[in-house]
Amino acid sequence: LTAGIIDEHSHIALVSINEGGQSSSAEVRMSDVVNPDDINIYRQLAGGVTMSQLLHGSANSIGGQSAVVKLKWGSNVSEMLVPEAQYIKFALGENVKQSSSPNPTGRYPQTRMGVEQVFFDHFTRAREYERAWDSYNSMKNKIGMPAPRRDIELDAIAEILNGKRHITCHSYIQSEINMLLKVADSLGFKVNTFTHILEGYKVADKMKKHGSAGSSFADWWAYKMEVKDAIPYNAAILAKVGVLTSINSDDAEMARRLNQEAAKAVEYGGIAETEALKMVTINPAKILHLDKRTGSIKVGKDADLVLWNNHPLSIYARPDYTIVEGTIYYSTDGDEKRRMEVEKERARLIQKMISAKTGGVTTVRPAFRRKHMRNCEDIEGMMAEGEEEQK
């Protein structure tokens, strides 16, 4: 029996990922585009995942507001959301400056120095905006005095300055991580999490000093230039230096086996088994500031639990039961029963179609529609399901 697995970086169950029209999209909310019927919710429950942070993509320096959800298959969005988790996506690197984009728009920024300036500009504006509201609210006599114009983009950035909203930043290389740490220190805000963080082993000491956590891939790289210095020992080095470390997926398929991804820290770096398990349970709960209610097995916490049929770090392990807040949302017995029901219904429908065809009804070939697995770099947004396959 373990605590439920928590995925710090996910894009499942979202209708749209990136709002890439401008350098900052701090006003958009992923909670507005959650699809509670996404089959990946059920599939990840089958891998022991009980909670995920659904992030905006990495098209912008300052992305949209995250949605942290409990994976309650069959529930509506309001029942899944964890409203006290207030996060926002930032991004660095090739995606932000569109160097790897097949259809670059010419939008600012186009260089890494431009990315740095985006942060300075927007946080300076947010601080001025907050001062204008503070000044207005402190007035005893407001008669005839217009209130400052409400700006929901700057509201979100001001929340970062006040510690009410936390940053999770898509990041890869040492120089850019150093840059954002410098910007944060100079403007007085904190970078809560560097996610991906494949060169975290180079700057672990600076991350620890700043108070940043690291959420890393176990051994996923070689897909573009800025990941060329990634090593499989990254998570272990971060943890040994004292950085709060978790293993994330950023991928609907990988999230189904995060227990195995965590086990790689035992193989690469000699991390103890209990510490490896923490990288997908209590550590991401701490990163999300939700460790008082989930991430470990303790009286008074949410009953987010997984009962495995084998050692949870084994490649042979699979959950017999996945429990979210005391309710069984996945079981092997229940899954087998549902499969039998689906097969029975499928056979009934096929027989009905055969009978209709025999009776002379015109037949039509069904349209092939495959659901797209989304990640940070998806830019098709609201494209109709199946349309990308046709293209």
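Residues numbered from 1 in each chain as written. Predicted model: local features only at pLDDT ≥ 70, side-chain atom pairs only at ≥ 80, totals over all residues. Heavy atoms only, no water.

Student: Please give an account of the sheet that holds strand β13 (residues 327-331) that cites residues and values.
Tutor: Here 4 strands make up an open sheet; going across it, the order is β1-β11-β12-β13 and the pairing antiparallel. Both outer strands of the open sheet, β1 (2-3) and β13, are each paired with one neighbouring strand and no more. Note: β1 against strand β11 (residues 305-308), 2 bridges, orientation antiparallel. Across the sheet, residue Thr-2 finds its bridge partner in β11, namely Val-306. This element, helix α11 (residues 332-358), spans β12 (319-324) and β13 of the sheet and lies at about 60° to β13. (Pairing = 2+ DSSP bridges. Helix = DSSP H or I, 4+ residues; strand = E, 2+ residues; numbered from the N terminus. Contact = heavy atoms within 4.5 Å. Axes fitted to C-alpha atoms, helices over the stretch in contact; angles between N-to-C directions.)

Student: Tell me what's going on with the sheet that holds strand β8 (residues 193-196), and back it up with residues and numbers.
Tutor: The strands making up a sheet are joined through hydrogen bonds of the backbone, oriented either antiparallel or parallel. The 6 strands are arranged β4-β6-β7-β8-β9-β10 in an open sheet whose pairing can be described as mixed. For this open sheet the edge positions go to β4 (62-65) and β10 (245-247), each flanked by a neighbour on one side alone. Neighbour-to-neighbour, the strand axes of this sheet turn through a mean angle of 25°, independent of strand direction. As paired strands, strand β7 (residues 166-171) and β8 are joined by 4 bridges and run parallel to one another. Pairing of Ser-171 across the sheet is with His-196, part of β8. Along the sheet, helix α3 (residues 112-138) makes contact with β4 and β6 (87-91), crossing β6 at roughly 145°.

Student: A description of the environment of His-210 should follow, citing residues and the corresponding values.
Tutor: Tracing the sequence through the fold places His-210 in helix α6 (residues 200-210). Judged by relative accessible area, which is 16%, His-210 ranks as buried. Beyond its immediate sequence surroundings of up to four residues, His-210 is in contact with Leu-181, Ala-184, Asp-185, Phe-189, Lys-190 and Val-191. A polar atom in the side chain of His-210 sits 2.9 Å from the side chain of Asp-185. (Buried < 20%, exposed > 50% of the residue type's maximum accessible area, 1.4 Å probe, protein only. Polar contact = N/O pair within 3.5 Å; in protein donor to acceptor, adjacent residues only side chain to side chain.)

Student: Requested: an account of α6, with residues and values cited.
Tutor: Of all the positions in α6, only Gly-200, Val-203, Ala-204, Met-207 and His-210 are classed as buried. Considered in projection along α6, the buried side chains sweep an arc of 160° and stay on one side of the axis. At its buried positions, α6 is contacted by α5 (174-187), β8, β9 (213-216) and α7 (234-241). Two residues or fewer after α6 comes Gly-211, characterised by a positive phi angle close to 95°. (Arc of directions from axis to C-beta.)

Student: So what's going on with the pattern of salt bridges? Which residues, and what values?
Tutor: Taken as a whole and assessed by the stated rule, the structure comprises 25 salt bridges. Between Glu-325 and Lys-70 there is a salt bridge; the shortest N-O distance is 2.9 Å. Residue Glu-325 is located in the loop between β12 and β13, and its partner Lys-70 is located in strand β5 (residues 67-70); the two are separated by 255 residues in the primary sequence. Classification of Glu-325 by relative accessible area gives partly exposed; the value is 33%. Residue Glu-176 is joined to Arg-112 by a salt bridge in which the shortest nitrogen-to-oxygen separation is 2.8 Å. Note that Glu-176 is positioned in helix α5 and Arg-112 in helix α3, a separation of 64 residues in sequence. Classification of Glu-176 as buried rests on a relative accessible area of 3%. Look at Arg-112 and you get partly exposed, because its relative accessible area is 33%. Through salt bridges with shared partners, a single network forms among Lys-70, Lys-72, Glu-84, Arg-293, Asp-302, Asp-304 and Glu-325. (Salt bridge = Lys/Arg side-chain N within 4 Å of Asp/Glu carboxyl O.)

Student: So, the nonpolar core: which residues are in play, and what are the values?
Tutor: With 39 residues, the main nonpolar core has Ile-12, Leu-14, Ile-41, Leu-45, Leu-54, Leu-71 and Ile-247 as its most contacted residues. Here the element with the most residues in this core is helix α8 (residues 258-267); it accounts for 4 residues. The residues touching Leu-71, leaving out its near neighbours within four places in the chain, are Ile-12, Ile-41, Gln-44, Leu-45, Val-49, Thr-50, Met-51, Ser-52, Val-324 and Tyr-329. Leu-92, Tyr-136, Val-183 and Ile-197 belong to the second largest nonpolar core, which has 37 residues in total. (Core = buried A, V, L, I, M, F, W, Y, C linked by side-chain atoms within 4.5 Å.)

Student: So, the environment of His-166: which residues are in play, and what are the values?
Tutor: Tracing the backbone through its elements, the reader meets His-166 in strand β7. As for His-166 and Phe-189, which are separated by 23 residues in sequence, their C-alpha atoms are 9.5 Å apart.

Student: Could you give me a rundown of the pairing of β7, with the residues and numbers involved?
Tutor: Burial analysis of β7 places 5 of its 6 residues in the buried class, which makes it a mostly covered element. In this structure, β6 lies alongside β7, joined through 5 bridges in parallel fashion. Bridge pairing in β7 links Ile-88 to Ile-167. Once the chain exits β7 it traverses α5 before rejoining the sheet at β8, and the crossover so formed is right-handed. (Right-handed = clockwise from strand over helix to strand, strands pointing away.)

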